[in-house]
Amino acid sequence: MSESALNNIIKRLEVATNRLEELAKNSSFGQGASSGSAANSDSTPAIQAFDDIMNGSVQKFIELSNNIGSPVKEQCDYFIQALKAQRQLIVTASKSKKPNAETFKELINPIEVAMNQVCTIREQNRQSKLYNHLSTLSESILALGWVMVEPAPANYLEENINAAQYYINRVMKEFKEKEKMHVEWTASYTEILKELKDYVKKFHTTGLAWNPKGGNATDAKASAPAAAPAPAAATPAPKADASKLFAELNRGEGVTSGLRKVDPSERKQKPVSSIVKSTATPTKPAEVSKKPSRQVLEGNKWSIENFVGNKNIVIENTEIRHLVYIYNCVDSTIQIKGKVNAITIDNCKKTGIVIDSVVSSVDIVNAKSVQLQIREKAPTVSVDKTDGCQLYLSKECSEVVEIFSSKSSEMNVMAEQPDGDWTEIPIPEQFKTKLINGELVTKPVEHAG
């Protein structure tokens, strides 16, 4: 028997021992315990099934993440923390009646905090060689929000699981011929999500299952064993705040009830035609794509591909969980209305993109002569391997956005001023590095004139 297999058996025995000790404590707590043991212990079928996931595929995922190392290991720690917090919520639900909204918000807070840290790890390591690994978790972590969804949590969970597929494919493509461990890592994570979806379908078909004969949820939480200490917190990155996602998701269909309709005349931004369309240039015949164009929503992912010379592409009816992937578009203008999760602009030429708001980030890669206008907010814009990129930022966006660039040239930011005018600011392309006191110090090169 291998050392790895022996370690897994030991871990399972330890878990089983701990569970038996908890059952022993519960059985001796009071004379009336036997009559309500099914409702007042942690041994219900739903909890046992969740533990099977934690002690099976999750343990494999932890082992692989530890072997890959930082920062994947740290992100995995927070993912596991979120799963443990979710288990505790399921235990509480099995003992309690469904609480009011305020109490429920308190109950899900530990999950929310851990999910936020999963996103933070990615944002703090955007230049990491393991960025696709980090994106796999952060793009699908909202799947754990199924506990707040009714009446079809499994469908919601599946949609968010699909969000990870793009980055899973990138990891597999990069490592399938080099290090099989990374491919096994993606398979392990996929297995966790699949088992979680099947679990929700079986035990929480129409939503998190509460106990109609149970007690107060706050009391049940207070009597629960203390949670394991959280991993050491990384420096917060508020730009990737998953708590806002939870807050909006928790409001359900009422998420837009408090908003008023804004008349187009009230918008401060210049019209699309005067910004993005103004610098469009004719496309050479050699640049025209021969592949069929497509504009389709698959699951929670919009795909906009292979458009040439189309100035009227509009994506409407978007949702906060939607991803948008724009690929191989030439001499076109694309408008994305509403708030979406993330946007990727890949291999586009002479194309203008106008968006309202993004929760996570806008990634521009392998592009040439593209323009991006952000009407409201985007916490992060990443430009990679791109020649010619013009960013138009609203005043609101200018105050919060972080711009990452690498292997790119001819990049400029147009920032909106309070009086409605725009100020052009170039993004540095040349840098000067000096060795000072044994450390490299890099600064952008300043040109006079």
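So, here's what we can say about the structure.

Criteria and cut-off values
- Residues numbered from 1 in each chain as written.
- Predicted model: local features only at pLDDT ≥ 70, side-chain atom pairs only at ≥ 80, totals over all residues.
- Heavy atoms only, no water.
- Buried < 20%, exposed > 50% of the residue type's maximum accessible area, 1.4 Å probe, protein only.
- Helix = DSSP H or I, 4+ residues; strand = E, 2+ residues; numbered from the N terminus.
- Pairing = 2+ DSSP bridges.
- Expected span 1.5 Å × (residues − 1).
- Contact = heavy atoms within 4.5 Å.
- Salt bridge = Lys/Arg side-chain N within 4 Å of Asp/Glu carboxyl O.
- Axes fitted to C-alpha atoms, helices over the stretch in contact; angles between N-to-C directions.
- Parallel < 35°, antiparallel > 145°, perpendicular 65-115°, else oblique.
- Left-handed = near helix turned anticlockwise from the far one by under 90°.
- Nonpolar A, V, L, I, M, F, W, Y, C, P; charged D, E, K, R; others polar.

1. Quick look at the pairing of strand S4 (residues 323-327)
Working step 1: Counting buried residues along S4, four of its five residues qualify, which places the element largely inside the surrounding structure.
Working step 2: Alignment of strand S2 (residues 301-305) against S4, held across five bridges, turns out to be parallel. Paired with Glu305 across the two strands is Tyr327, which belongs to S4.

2. Things to note about helix H4 (residues 57-68)
Working step 1: Between its terminal C-alpha atoms H4 stretches 17 Å, which fits the 16 Å expected from twelve residues at 1.5 Å a residue.
Working step 2: Buried residues along H4 sit in contact with helix H3 (45-55), helix H5 (72-95), helix H7 (131-140) and helix H10 (180-203).
Working step 3: Downstream of H4 by a residue or two, Gly69 has a phi angle that is positive, lying close to 95°.

3. Remarks on the pattern of salt bridges
Working step 1: On inspection of all chains with the given rule, the structure shows 16 salt bridges.
Working step 2: A salt bridge links Asp363 to Arg126, with the shortest nitrogen-to-oxygen separation between them at 2.8 Å. Of this pair, Asp363 sits in strand S8 (residues 362-365) while Arg126 sits in the loop between helix H6 (101-123) and H7, placing them 237 residues apart in sequence. As far as the burial class goes, Asp363 and Arg126 line up, both buried.
Working step 3: For Lys337, the salt bridge identified is with Glu316, shortest N-O distance 3.5 Å. Taken together, the residues span a long stretch of sequence, with Lys337 in strand S5 (residues 333-340) and Glu316 in the loop between strand S3 (313-315) and S4 at a distance of 21 residues.
Working step 4: For Lys337, a relative accessible area of 37% gives the class partly exposed.
Working step 5: Within the structure, one salt-bridge network assembled from shared partners comprises Arg122, Glu123, Arg126, Glu139 and Asp363.

4. Some remarks on the packing of H5 against H7
Working step 1: One can describe the packing of H5 onto H7 by two numbers: an axis separation of 10 Å at closest approach and a directional angle of 15°. Comparing the axis directions of H5 and H7 gives the class roughly parallel. Pair H5 / H7 crosses with left-handed handedness. In this structure, H5 uses Val72, Gln75, Cys76 and Phe79 to contact H7, whose residues at the interface are His133, Leu134, Leu137 and Ser138.
Working step 2: Across the contact of H5 with H7, the residue classes break down as five nonpolar, three polar and no charged.

5. A closer look at the sheet that holds strand S7 (residues 352-358)
Working step 1: With respect to topology, seven strands assemble into an open sheet ordered S3-S5-S7-S9-S11-S13-S14, the strand pairing being mixed. Looking at which strands have only one partner, the edges of the open sheet turn out to be S3 and strand S14 (422-426). Across the sheet, the mean angle separating the axes of adjacent strands is 15° when strand polarity is ignored.
Working step 2: With six bridges joining them, strand S9 (residues 368-377) and strand S11 (residues 387-393) adopt parallel strand pairing. Of the residues in S11, the one forming a bridge with Gln371 is Gln390.

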